[in-house]
Amino acid sequence: MAKTIGVVRFLGTNCDEDIYKAVEQVGAKAKWLWYQDSFNEAEVDGVVVPGGFSYGDYLRCGALAAKSTVMDSVEEFAKKGKPVLGICNGFQVLCERKLLPGVLLKNDSGKFIDQWSGLTPVSKDSFWSIKADVKFPIAHGEGKFFIDSENLKSISDNDQIWLKYSDNPNGSVSDIAGVLNKEKNVAGLMPHPERAMHDWMGGSDGVSLLERFL
Amino acid sequence: MDKNLEEKLKSYGLSVEEYEKAKGIVGGELTQIHWALFSSLWSEHCSYKSSKIHLKNLYNDSKKLVSEDGENAGVVDLGEGERVAFKMESHNHPSFIEPFQGAATGVGGILRDIFTMGARPIALANYLCFGEKGSDRLEQLIEGVVSGISFYGNCVGVATVTGQTEFDKSYNTNNLVNAFALGYYGKDDEITSSKVKTPGLDVVYVGAKTGKDGVHGASMASESFDEDSESKRPTIQIGDPFYEKCLIESCLEVLSKGLVESMQDMGAAGLTSSSFEMSFGGGRGLDIDLSKVPLRDSSMGPEEILLSESQERMLLVCKPENLEEIVSTFSKWGLDAVKIGTVREEKEIKLKWNNELICEIDPAKIVDGAPRYDRPYKKIEAVDVDSAQTSDYDLSTALSSTQGSSRKWIYKQYDQRVGARTQADCDSPLGIIRLPESGRELGMVLGCRPAVMRINARLGGFDSFLSPALQLQIKGFTPWAVTDCLNFGNPQKEHIMGEFVSSLEAMSEACRVYEAPIISGNVSFYNETENQNITSTPATGVVGLKESKDFKTPASVFQKTGSKILMFSCQQVIWSGYGAEVVGDKTWVNGELNPEMVKDFGDSISELVKEGKVLSSRLVSKFGISYALSKMVTSDIGFESELDGEGSEFWNEEEMYQVLLEVEEKDVNDFMKNPYFNTVLGVTESDGSLHYDNNSYTYDQINKVALEAWGDNFEGLE
């Protein structure tokens, strides 16, 4: 049976339709998860927290969304070891919720950056591990991953560094584009795999990443 | 004249004659509310009083156009049940006073024009003109405008897929910010009207609360700047893209549930123009209690409420039984929806304040009774100056000039892919998105080359449409429909009105030849500061459809080594071009454009493209063939000229029009049979460098010069 993937929607989320289409493209069934509602872990097999500007990035990117009802359910779901993926603003939300290590800061350039970026996988043996280099678009103003050196060593030792930029576009510590939680079931990345689903988009490497859910 | 009256006329932007006319309409002295209504509804911005008699001649008689007259934007049918609404609008005046908010709210405003008609916005574009290098506030204006567009467009989640940026001294004190938006209707989506036709319905205010921002914005945008322009800052609106995103989702949700009869955004002149236009359009009056309008500032009175241009607000009309569900839908998205009135049987609008009648007037008398001016003008005739010398400069000069440098600094700040529909982004000469249901490709190109307008307004008017049309045709797209954004100086000056009339006539004539109707538009006059008028700039947004999926859309950069680069030409006009402006030579033009012949040329190239054998294509535009080739070179595919003895004149000359096609060597003979074939320029090579006429540039050199020029030309914008 097709896996069901929950797609979280906050006020201001704007990549929700895109990831919804993308998970259906790889053969899963997508299901909306509204920010004010809780959900039962049995309802879905995986969860995506999509990109966009939840709450207009007010206060701090992802900070308000991290406190919403649906995130209580996402946290419970994650604690059961089920797969959760945060993309761009979704990555920021997961960090704010402390489901992932580190924080995302303003890009070194101080400006929003839209471009294609090459990524190299680091973590080798986990649910989210991918084998080959991939190319995804990035589109963010606050995507500089930061973590202090002590914790950097710890996530590095624990194989939690998921993806690195081949050409660090925003000043991220150690070129980090994506990380995993300690248990390796929760993943977050700044680039957008849902924007790399067909050759006509400029690349289709997003397919193999989203197929991890199946 | 009474000193007080003179002051009042100046502050409300009315002439003595208009004041007398208004008194005649209301049958006596104007009340404060009348002053507010006439000031905004009779402003140039809302009434089009200097342009209307010319706009009615624009070509739009086409079966493709499926929206009614007097709506917020035009809608065209694309077949297969798909339609798009699109429009371009200026936000020039506010963007010069406060660039960040001015540009941001320009994006917000044009998006509301689209989704108020029930279409989901899926693409944005912008046409920008700034002053010359070194001009006052230049960097602040560029930085402010670009970050304003980036802030609003990215957050609201609509991809910016193309744009154009120009520099010239005529924009030193009047920059141009024109925002284009396009919205989509699938098979099941209906076009929403703004017209109110049924009595007894509820009038509902939705969205953000009303504040004092933007009071008198429409009249501000309808006059020239003077030394006091700084003091106009309080008339600038403040935008909130997060609110707009919630407004888009909630409006489209109530529309798709069939809960709404008509809808209108509150744009220029806010509640006044939205209520008067809805009422006038449908011939029914409204009964509105202004004291029910949700306020951000409780000290506001009825006059300010009527004139406020607070952003992210809409007016909708619904059956009373649907009000509750509408309120709960908006509340789900965190927005207010408040009933502020009802639709009347009679045609008069009644405005109340705490249930007390403060004004009763037939909107037709103001809207239809607005002044119409046939401003005197002197038509611009075609010019034909004896051929002169093409300017002598090298490619580096072109690439490092403000006009020729890369625009990447700008568009890198725009989200070009949100929505996951973008096929060709701002790197490409045209934006391409995939239509959600059919998967067909839709192309968008903005037009108007001010350098051509500076030579001859008629030629420039033709080119405003023909250049983008050819950009579409050389990719196999059919130019489908057009929007315009007409930026001009003071219409009370004969030569400016002459350029307006002549460029518009030419543009319309070209659109008629292509059967591409002009479906929407906007006029911005008074782009003038202390007698300095801008270059007349009739910008266009041309949308094209690729009807067939049987061939691959040609790329815009070289695809293969060993392929041949062929040049095709319709040889109608040779002119001094951007090159002469950059090196400071005298400008000249030789020849005239014939839109029918250009269309034949475009059709002929399009037929070649549809055979599927064109690997890449490019329209030769500013700085001639050498510049076009420099844009096609990639890090591993270069170009080697096969021509001998053609001097720099050949490589730098600017013509209307030339096209470059990359084709495989085996197909060259077929392509040479085309009547517009001119010459084989050369062959693509594996070294990633450009070689022609003793010139050699590596891909890295070209890019470095074009990218670094930005930081060199604009201090602090590296």
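See the structure printed just above.
Below: a short report on this structure. (Residues numbered from 1 in each chain as written. Chains lettered and ligands numbered in written order. Predicted model: local features only at pLDDT ≥ 70, side-chain atom pairs only at ≥ 80, totals over all residues. Heavy atoms only, no water.)

## Considerations on the overall build of chain A
Summing up its helical and strand segments, chain A has five helices and 11 strands in all. For 214 residues, the compact-globule formula gives about 17 Å, and the C-alpha radius of gyration of chain A, at 15 Å, lands near that figure. Projected onto its principal axes, the C-alpha coordinates of chain A cover approximately 40 × 40 × 30 Å. Put simply, of all contacts in chain A between residues at least 6 apart along the chain, 74% involve residues at least 24 apart. Working note: accessible area of chain A is about 8,400 Å², and carbon and sulfur atoms make up 48% of it. (Helix = DSSP H or I, 4+ residues; strand = E, 2+ residues; numbered from the N terminus. Rg over C-alpha atoms; globule rule 2.2 N^0.38 Å. Contact = heavy atoms within 4.5 Å. Areas by Shrake-Rupley, 256 points an atom, 1.4 Å probe, with all protein chains shown as cover.)

## A few points about the sheet that holds strand S8 (residues 286-289) of chain B
Within a beta sheet, neighbouring strands are joined by backbone hydrogen bonds and run either parallel or antiparallel to one another. Residue and element names in this part refer to chain B. Sheet architecture is open: seven strands sit in the order S7-S9-S6-S10-S8-S11-S12, paired in mixed fashion. Looking along the sheet, the strands with just one partner apiece sit at the ends: strand S7 (262-265) and strand S12 (356-361). For this sheet, the mean inter-axis angle between neighbouring strands, taken without regard to orientation, is 25 degrees. Helix H3 (residues 32-41) contacts strand S11 (349-353) and S12 of the sheet and is inclined by roughly 40 degrees relative to S12. Strands S7 and strand S9 (313-318) of the sheet are contacted by helix H7 (residues 99-115), whose axis makes an angle of about 170 degrees with S7. (Pairing = 2+ DSSP bridges. Axes fitted to C-alpha atoms, helices over the stretch in contact; angles between N-to-C directions.)

## Here we look at the interface of chain A and chain B
The partner chain B presents 26 residues to the 25 residues of chain A that form the contact. Each partner contributes to the roughly 2,300 Å² buried at the junction of chain A and chain B, and carbon and sulfur atoms together form 57% of this total. On the surface where chain A and chain B come into contact, there are three salt bridges. As a salt-bridge pair, lysine 111 of chain A and glutamate 143 of chain B come within 3.6 Å of each other at their nearest N and O atoms. Linking chain A to chain B there are 10 residue pairs in polar contact (both at pLDDT 80 or more). Contributing elements (two or more residues each) for the side of chain A that touches chain B: helix H1 (16-25), strand S6 (113-121) and strand S7 (134-140) of chain A. (Buried area = accessible area lost by both parts, 1.4 Å probe. Salt bridge = Lys/Arg side-chain N within 4 Å of Asp/Glu carboxyl O. Polar contact = N/O pair within 3.5 Å; in protein donor to acceptor, adjacent residues only side chain to side chain.)

## Observations regarding the packing of aromatic side chains
In this structure the tally under the stated criterion is 34 aromatic pairs over all chains. Arranged with centres 6.0 Å apart and planes meeting at 75 degrees, the rings of tyrosine 393 of chain B and phenylalanine 623 of chain B form a pair that is edge-to-face. Within this pair, whereas tyrosine 393 of chain B is found in the loop between helix H14 (363-367) and helix H15 (395-400), its partner phenylalanine 623 of chain B is found in the loop between strand S23 (614-620) and helix H22 (624-632), the two being separated by 230 residues in sequence. In terms of burial, tyrosine 393 of chain B and phenylalanine 623 of chain B fall into one category: buried. For the ring pair phenylalanine 623 of chain B and tyrosine 627 of chain B, a centre distance of 5.3 Å and an interplane angle of 50 degrees mean the geometry is tilted. Each member of the pair, phenylalanine 623 of chain B as well as tyrosine 627 of chain B, carries the same accessibility label: buried. Each member of the aromatic cluster is reached from another via a ring pair, and the members are Trp34, Tyr35, Tyr55 and Tyr58 of chain A together with Phe242 and Trp333 of chain B. (Phe/Tyr/Trp six-rings, centres within 6.5 Å; stacked < 30°, edge-to-face > 60°. Buried < 20%, exposed > 50% of the residue type's maximum accessible area, 1.4 Å probe, protein only.)

## Re the packing of H3 of chain B against helix H11 (residues 270-282) of chain B
Residue and element names in this part refer to chain B. Put simply, H3 and H11 touch, their axes get as near as 10 Å, and they point 80 degrees apart. Classified by the angle their axes make, H3 and H11 are roughly perpendicular. Residues Leu37, Ser40 and Leu41 of H3 pack against Thr272, Ser273 and Phe276 of H11. Considering only residue class, the contact of H3 with H11 consists of three nonpolar, three polar and no charged. (Parallel < 35°, antiparallel > 145°, perpendicular 65-115°, else oblique. Nonpolar A, V, L, I, M, F, W, Y, C, P; charged D, E, K, R; others polar.)

## Let's talk about the packing of helix H1 (residues 3-12) of chain B against H3 of chain B
All names here are of chain B. At a closest axis distance of 10 Å, the pairing of H1 and H3 adopts a crossing angle of 45 degrees. With respect to their mutual orientation, H1 and H3 come out oblique. Contacts between H1 and H3 pair Leu5, Lys8, Leu9 and Tyr12 from the former with Gln32, Trp35, Ala36 and Ser39 from the latter. Class assignment of the residues belonging to the contact of H1 with H3 gives a composition of five nonpolar, two polar and one charged.

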